[in-house]
Amino acid sequence: MATKKRVRRGLGALLFIVLVAVFALTYTIVSGNRPLLGLDLQGGVSLVLCPASPSDPTVCNKSSDPAVSEDTLDQAIKIIRSRVDSLGVAEPDISRQGTNVLVQIPGVKDQQRALDLVGQTAALEFRPVLAEYPVSAAVSDPSTDTSLDGASTTTSLGSTDTSQQGLGATGGLVEGESALGAQTPSTSAPSTTSPSTIVAPDPALTAADPNASNPAAPTASAVPELTPADQITPEATVVLPQYDLKTKQVIGIFQLGPVAVGGSAVESATAGLDQQGKWEIRPVFKSGADGIDKFNAAAAQCNPPSAPCPTGRIAVVLDNKVLTAPNIKVASFSRDQITISGNYTERDAKDIATALRYGALPVVLIPQQTEIVSATLGSDALHAGLVAGLVGFVLVGLYMIAFYRILGVLAMVKLLIEGSILWGLLVFLSASAGLALTLAGITGIIVSIGVSLDSNVVYYEHLKEDIRAGRTVRAAIDKSFASAWSTIVAADGASVIGATLLYFLTVGPVRGFALYLGIATVLDLITSYFYMRPVVRWATNSKRCVDHPGQFGLPVPQLEASKGSATGTAVRTPVSTGGGS
Amino acid sequence: MSMLGRLYRGENDIDFKKWWRRGLVFSAILIVISVLSLFTRGLNLGIDFEGGISWEIKAPGVSVGEARSALAGVGEGGAKIQQVGTDILRVQAPSESAAKSVEVSQTLADLAGGQISDVSVSTVGPSWGKEITKSAERALVFFLAAILLYLSIRLEWKMAVAAVLAMIHDVIVSVGVYSVFQLEVTPPTVIAFLTILGYSIYDTIVVFDKLKENQARPGLASRMTFTDLSSLSMNQVLLRSVNTSVVAIIPVISMLVVGAGILGAVTLEEFSIALLVGMISGAYSSIFVAAPIVVWLKEREPKNRALAARLASGRTGAVTGRAAARGDGASVVGSAADGAGAAASAAGSAAATGASSVPTMPASGVIPPRPRKKGKTR
């Protein structure tokens, strides 16, 4: 029979979509995967960083400035990622959004440290030491709090392996490891404040040692004021503090010359034990003019000491803080045979190595927005979101069923199918792409309940209208769908356009809202076509529907006789009042 | 029969011409209030727009006063301290206080009897708000352009213009709501609001699609003015519009009442208020702004002017609503003047039955069925 065939058409699609939903649900349950929770739901740290303007490193790159290249940003992201990885957090997300860098570290325990670690923009540079001053009690340092960041952050890295790289707060640069043995004792300086030594393989150079430990010369002169942050430029002569990496006390004040070598000259650095079992740092410079050549040019000025480098020492400066200021023991180094030795603890050595390796981002990044979310508030928000969603689902379900009866139930089933697929998709994207579910995403999903049901409303109302106009249910079912479908596509299309644009044009975790609303809208199109159409056709093809259209929320079809006569009203009345007998 | 009952049965016969005029006046008032409020009261911008630092902690039983005296100990007694949600304490201070972030966190944690990790801290640079605003503005412009293009292709450009004007109306009125009630504006609310606008256009499209469908029926479109055709279409889709809005708004209200009100999730509150404002203004403007604008644009077309003139001369009065759809020449109500005729038909079928002079049957369905399809499937 033609009718039967017509009904069957589309049942394949119906079966298909139900199977997809069941599969999605089963997959999710069986795989045991859970969607990754965003940091606003489980607590964590989030930062948005912008590249600094070349003209003024305290503000973001303006549109009038030359754009920071994507490569530069990607490189910065790589460095930040390796810093964050050192925290051992499960799913950090570091990504580029436009010209911004977005860092999200959900579930991190020591949130403040994570923030410091990423937030420090750490410009690493090497400057010749003009003079060192003893620390007097009078020294007040305005920038105290920030200074420690570099150091504290780096400590975490050390645990990975002994081959870590690092710069010591105190130590000497030594070339040729074999030679170290003898000279390392140059740690002659008993106190940690004492400068480091660069030890060369040639014992002759040990002569330099004495320099190392005597910052005494300038002692007499007055301690100069620390240079304010806004006056620190690569060309300037500056006065910078040195902090103890652990206690964060100021342990030295250095007057430094212009930047001799930028941090980008360092290729890598590791920390390790020398033959005496002392911790040392082994930086490796890049080869060529921008690497070791530059460093050697600076070293040549310090050994022997000359006007630009009267102390014979070169300070390693991270984020305007002196990490270490070793003596230069030879005039020329080969790029991978340099060691910095001194009285380092394991932690110091590893911290300094980390700073050397990761310290220098290719561009200064300014934190624009940072957020620490406590785990308590996060889980409260998750709980509230889920409960609110559930309540909304139930209420809207009651409304739909009250209004559309059986067709309302079918609409809620459609919602369940979409929900299963969406959930499966969510879990899948979490596992494969690290896409986390945020509170904004949950809101998007809750709102998508309305998106989905709207299609049903449009279809059902169209159906009712056609039936009132005199068509039978069966006649109306396909025609109504065709009209309704065109409306649904137009309306959903506008919604998808909006969600897509907002997803790509905005910044931050809030994009999750647009994302899930967009996905849900597309899913709605799919289920409307493959589920709603066949299932309604199938459901209305029953005898029950003909006998009791009210149970389907449908009006009684107008009979030929009633058409155009006043009796039409009477016929319709029972339907409308009781929703069917 | 109640109005809702008639709506449910599809017997509503509302004279939208009248309502459109009222709606436009109402919208004009809303826009004036919004603009005035924006210039006098301004917006309550969150710290995200001005830069600063904000701490939040769940601290049941801790009063704002206690918090203030505790914070005075670390020199932050002057900070803005609020109780948000049910038991969350929020402290906001300018950027300079960022240096004391840890001390403040510790103070708050001690106060609430928790750990420092229980404190949420948000620090925002001064340019962040500008960035957000810029990207939101850019998104809005692109979005309006995209919608204009999309609807021009999908429907027609006059409808697209009307839809976009309605959205601009939504933006202005919503900004007005935020200004008048001094609700806090945060970047998430801005983005949530813009996204929901894309969805709120759903109703507008439902209406326009029906209008376009009716327009394509020569039998219908040639018998009434475009205004009446639009009013008829509005009546036909009214329940659809109402229901799509209701099912969309219920979950959002649930978020606001259950999620934010009862469970005290602050972010949910910010989100759901933005969504609610966007949805309601979107639903309202689809009927009372977008539709009259499109009518006004279309009535200026020579074709429709000629039609209106012909109908006016050929008949003694204006035919409105569904009565016209039945094509019953005798069902002329009142004179050509909008007033009387509109009022009579606006009263719907009650008027139809009550006014004995009208020989029509009560509104029955919408469009005359096509005889050839009658009973075909049985």
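Described below are features of the structure shown in this document. (Residues numbered from 1 in each chain as written. Chains lettered and ligands numbered in written order. Predicted model: local features only at pLDDT ≥ 70, side-chain atom pairs only at ≥ 80, totals over all residues.)

## Concerning the overall build of chain A
Inclusion rule: Per the convention used, a helix needs a DSSP run of H or I reaching at least four residues, while a strand needs a run of E reaching at least two, with both numbered from the N terminus. The burial criterion counts other C-beta atoms lying within 10 Å of a residue's C-beta, which is placed from the backbone; the residue is buried at 20 or more, exposed at 12 or fewer, and partly exposed between these limits. By definition, residue pairs are in contact when their C-beta atoms, positioned from the backbone, come within 7 Å.
Looking only at helices and strands, one finds 17 helices and 14 strands in chain A. Buried residues in chain A amount to 56% of all 581 residues. When contacts within chain A are restricted to residue pairs at least 6 apart in sequence, long-range pairs at least 24 apart make up 77% of them.

## A look at the overall build of chain B
If you tally the helices and strands in chain B, you get 15 helices and six strands. Here chain B, with 378 residues, has 52% of them falling under the buried criterion. For chain B, the proportion of contacts with a sequence separation of at least 24, taken over those separated by at least 6, is 74%.

## Details of the packing of helix H10 (residues 226-262) of chain B against helix H11 (residues 266-299) of chain B
Angle between the axes and distance between the axes: these two values describe a pair of packed helices. Put simply, the rule reads: Axis lines are fitted to C-alpha atoms, over the contacting stretch for helices. Their N-to-C directions set the angle, which ranges from 0 to 180 degrees. Here roughly perpendicular refers to angles of 65 to 115 degrees, roughly parallel to angles under 35, roughly antiparallel to angles over 145, and oblique to all remaining angles.
Packing of H10 of chain B against H11 of chain B brings their axes to within 8 Å, and their N-to-C directions diverge by 175°. Judged on the interaxial angle alone, H11 of chain B and H10 of chain B are roughly antiparallel.

## Concerning the interface of chain A and chain B
Going by this rule: For this scheme, ten residues count as nonpolar: Ala, Val, Leu, Ile, Met, Phe, Trp, Tyr, Cys and Pro. Four count as charged, namely Asp, Glu, Lys and Arg, and the remainder, Gly too, count as polar.
Of the residues lining the interface, 85 residues belong to chain A; the matching set on chain B comes to 81 residues. Elements with a contribution of two residues or more to the side of chain A that touches chain B: helix H5 (111-119), strand E14 (365-373), helix H12 (375-433), helix H13 (439-468), helix H14 (473-505), helix H15 (511-539) and helix H17 (567-578) of chain A. The biggest single contributor to the side of chain A that touches chain B is H12 of chain A, with 17 residues. Here the side of chain A that touches chain B is built from residues that sort into 45 nonpolar, 27 polar and 13 charged.

## Observations concerning the pairing of strand E7 (residues 250-256) of chain A
Residue and element names in this part refer to chain A. Short version of the rule: A strand pair is defined by DSSP finding two or more bridges across the two strands.
Most of E7 sits inside the fold, with seven of its seven residues counted as buried. Two elements, strand E4 (residues 124-133) and E7, share four bridges in a ladder whose sense is antiparallel. In the strand pairing of E7, Glu 132 is matched with Phe 254. Pairing analysis gives six bridges linking strand E6 (residues 238-243) to E7, with the strands arranged antiparallel. Paired with Tyr 243 across the bridge in E7 is Val 250.

## Regarding the pairing of strand E13 (residues 338-344) of chain A
Residue and element names in this part refer to chain A. Most of E13 sits inside the fold, with seven of its seven residues counted as buried. Taken together, the three bridges between strand E10 (residues 279-285) and E13 define a ladder with antiparallel strand orientation. Residue pairing across strands places Glu 280 opposite Ser 341, the latter belonging to E13.

## A short note on H14 of chain A
Heads up, the rule is: Any helix carries an expected span of 1.5 Å times its number of residues minus one. The seven residues ending at a residue and the seven starting there each receive a fitted axis; the angle between those axes is the bend at that residue.
For H14 of chain A, spanning 33 residues, the distance from its first C-alpha to its last is 46 Å, which sits close to the expected 48 Å at 1.5 Å a residue. When the local axis directions of H14 of chain A are compared, the greatest deviation, roughly 25°, occurs at Lys 479 of chain A.

## With respect to the sheet that holds strand E5 (residues 120-124) of chain B
Working definition: the strands of a sheet are paired by backbone hydrogen bonds and lie parallel or antiparallel to each other. In spatial order, the strands read E2(A)-E3(A)-E1(A)-E14(A)-E5(B)-E2(B)-E4(B)-E3(B); together these eight strands make up an open sheet with antiparallel pairing. Strands at the two margins of the open sheet, each flanked by one partner only, are strand E2 (93-97) of chain A together with strand E3 (80-84) of chain B. Direction aside, neighbouring strands of the sheet carry axes that sit 15° apart on average. Summarising the sheet, E2 of chain A and strand E3 (residues 100-106) of chain A pair through five bridges and their orientation is antiparallel. By the bridge assignment, Asp 93 of chain A is partnered in E3 of chain A with Gln 104 of chain A.

## Let's talk about the nonpolar core
Let me state the cut-off plainly: By definition, a nonpolar core groups buried Ala, Val, Leu, Ile, Met, Phe, Trp, Tyr and Cys residues that are joined through C-beta atoms within 7 Å.
Formed by 194 residues in total, the largest nonpolar core has its most connected members in Val 101 and Val 103 of chain A together with Val 91, Ile 147, Ala 163, Leu 194 and Leu 268 of chain B. If you tally residues by element for this core, the top one is H12 of chain A, at 20 residues. The residues contacting Val 91 of chain B, other than those within four sequence positions of it, are Ser 54, Trp 55, Ala 67, Leu 71, Ala 79, Ile 81, Val 104 and Leu 108 of chain B. Leu 124, Leu 130, Leu 240 and Ile 281 of chain A belong to the second largest nonpolar core, which has 45 residues in total.

## A word on the environment of Leu 47 of chain A
Tracing the chain through its elements places Leu 47 of chain A in strand E1 (residues 44-51). Between the C-alpha atoms of Leu 47 of chain A and Ile 94 of chain A, which are 47 residues apart in sequence, the distance is 9.4 Å.

## Topic: unusual backbone geometry
A positive phi angle, near 55°, is found at Arg 405 of chain A, a position not held by glycine. Looking at Arg 405 of chain A, the number of C-beta atoms within 10 Å reads 19, which means it is partly exposed. The backbone of Gln 182 of chain B shows a phi angle near 50°, a positive value even though the residue is not glycine. Taking the C-beta count within 10 Å as the criterion, Gln 182 of chain B has 12 such neighbours and is therefore assigned exposed.

## A word on the environment of Val 185 of chain B
Along the chain, the position of Val 185 of chain B falls in strand E6 (residues 184-185). A tally of 22 C-beta atoms within 10 Å means that Val 185 of chain B is categorised as buried.

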